[in-house]
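Listed below are the residues making up each chain.
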Amino acid sequence: MPLASYSLGMMEASVYAPEIFARGLPSAPQPAPPSAGRIEPAGSVSGTAAPLLSLQAIGLSFGGVVALADIDLSVQPGEIRAIIGPNGAGKSSLINVISGVYRPDRGHVLLDGVSHAQVPTQRLARLGVARTFQNLALFKGLSVLDNVASGLAYKVRSNFAGQVLGIGRSRGEQRETRGRADQILEFLDLTAVRERLVGTLPYGLQKRVELARALVAQPRLLLLDEPMAGMTSGEKSEMAGFVRAARDRFATTVVLIEHDVGVVMGLSDRIAVLDYGRKIADGTPDEVRNDQRVIDAYLGVASDNEDGAGI
Ligand SMILES: Nc1ncnc2c1ncn2[C@@H]1O[C@H](COP(=O)(O)OP(=O)(O)OP(=O)(O)O)[C@@H](O)[C@H]1O
């Protein structure tokens with residue numbers, strides 16, 4: 001069986017190149033994206049550029065359970081790419097393979113066309129990849145600002161605890177980190193809750209704080225694991241607007257898995273559909289919506305979709 005590999009090598013070289021972090025946060029943040037209403041279709045993404053992320057023949061099993069079988073996926077720079085599918089289809093497994101949490105049994109994950117073995121989370125951040133989690137992974141007893149600042153902990157010399165307590169190696173570092181965090185808070189309309197302990201915020205706002213923490217490092221690739229899970233329909237529209245705004249503002253490539261197919265259809269440039277660990281469709285929202293295999297896979301599971309939006 002060929003060794004699985006994870007491909008990030010060139011990414012590492014390029015992550016230190018000025019163009020990635022030199023994009024800079026917005027000096028004058030744009031107004032917050034629309035908080036409700038239908039999301040306009042995503043802007044066009046070139047299909048001819050070299051993919052930022054590409055999965056080749058990924059296979060993953062847990063004992064006798066095949067979670068992923070022969071999955072190919074290509075993600076273009078600047079694209080919002082969704083992965084959907086019924087329960088147990090393999091979505092979480094796939095995002096865990098992309099983010100290096102799982103090592104696939106076979107296949108390759110390539111970033112910028114280069115392959116590496118499984119990458120620890122800390123190193124992923126250095127390579128320009130950030131993610132959010134299905135179940136929030138925030139420091140509930142810390143402020144919103146400190147949580148967002150923690151998204152930059154990997155790139156400063158002083159450690160995170162030192163920064164929070166103000167005893168880090170460099171006060172300048174601390175100022176810069178907080179300045180960046182403040183800019184992202186403003187961008188995501190979170191400034192009003194800057195000093196609140198995260199655990200005291202409503203769930204929808206906590207999800208947005210997690211997005212802020214992932215975004216603060218301006219990742220090239222942002223992986224969102226069910227970013228709208230547990231939200232009301234208004235909160236979902238708002239979150240979708242923020243994801244779109246983040247892509248547009250920072251040119252971040254987004255890969256997301258999400259149960260609410262209605263939201264995904266309005267937000268994504270392209271959608272891959274998994275069923276029983278296999279990719280059964282891949283295309284634009286319209287192509288996917290009209291694909292008979294997708295319709296069949298979702299028959300009988302429409303109640304999973306809170307809004308009953310169907311496909
Ligand atoms: N850690 C694990 N151990 C054993 N089996 C697992 C594990 N993780 C996933 N599986 C199995 O792999 C298959 C794919 O699961 P996965 O969680 O990736 O699907 P999913 O599409 O994310 O599902 P859901 O929408 O319910 O979260 C399922 O059959 C699941 O039971």
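The name given to the protein in an unreviewed UniProt entry is ABC transporter ATP-binding protein, and the organism recorded there is Mesorhizobium opportunistum.

**Focus on the nonpolar core**
Within the largest apolar cluster, 78 residues are counted, with the highest numbers of intra-cluster contacts made by Val148, Ile184, Leu185, Ala212, Val243, Val255 and Val273. In terms of residue count, the dominant contributor to this core is helix 9 (residues 233-250) (six residues). If sequence neighbours within four positions are ignored, Val255 has contacts with Leu53, Val75, Arg81, Ile83, Ile98, Leu221 and Leu223.

**Focus on the environment of Glu235**
Its location among the elements puts Glu235 in helix 9. According to the C-beta neighbour criterion, Glu235 is partly exposed, with 19 such atoms within 10 Å. Separated by 30 residues in the primary sequence, Glu235 and Leu205 place their C-alpha atoms 8.8 Å from one another.

**Concerning helix 8 (residues 203-215)**
Under the 1.5 Å per step criterion, the end-to-end length of helix 8 is 19 Å for 13 residues, consistent within 8% with the ideal 18 Å. With 10 of 13 residues buried, helix 8 is to be regarded as a mostly interior element.

**A few points about the pairing of strand 4 (residues 80-84)**
The buried fraction of strand 4 amounts to five of the five residues, a majority that puts the element mostly inside the structure. What you see with strand 4 is no split at all: Ile80, Ala82 and Ile84 on one side and Arg81 and Ile83 on the other are buried throughout. Relative to strand 9 (residues 253-257), strand 4 runs parallel, the two being bridged by four bridges. Paired with Ala82 across the bridge in strand 9 is Leu256. In this structure, strand 4 lies alongside strand 10 (residues 270-275), joined through four bridges in parallel fashion. The partner of Ile84 across the bridge, within strand 10, is Val273.

Calculation rules
Residues numbered from 1 in each chain as written. Predicted model: local features only at pLDDT ≥ 70, side-chain atom pairs only at ≥ 80, totals over all residues. Core = buried A, V, L, I, M, F, W, Y, C linked by C-beta atoms within 7 Å. Buried ≥ 20, exposed ≤ 12 C-beta atoms within 10 Å, placed from the backbone. Helix = DSSP H or I, 4+ residues; strand = E, 2+ residues; numbered from the N terminus. Contact = placed C-beta atoms within 7 Å. Expected span 1.5 Å × (residues − 1). Pairing = 2+ DSSP bridges.

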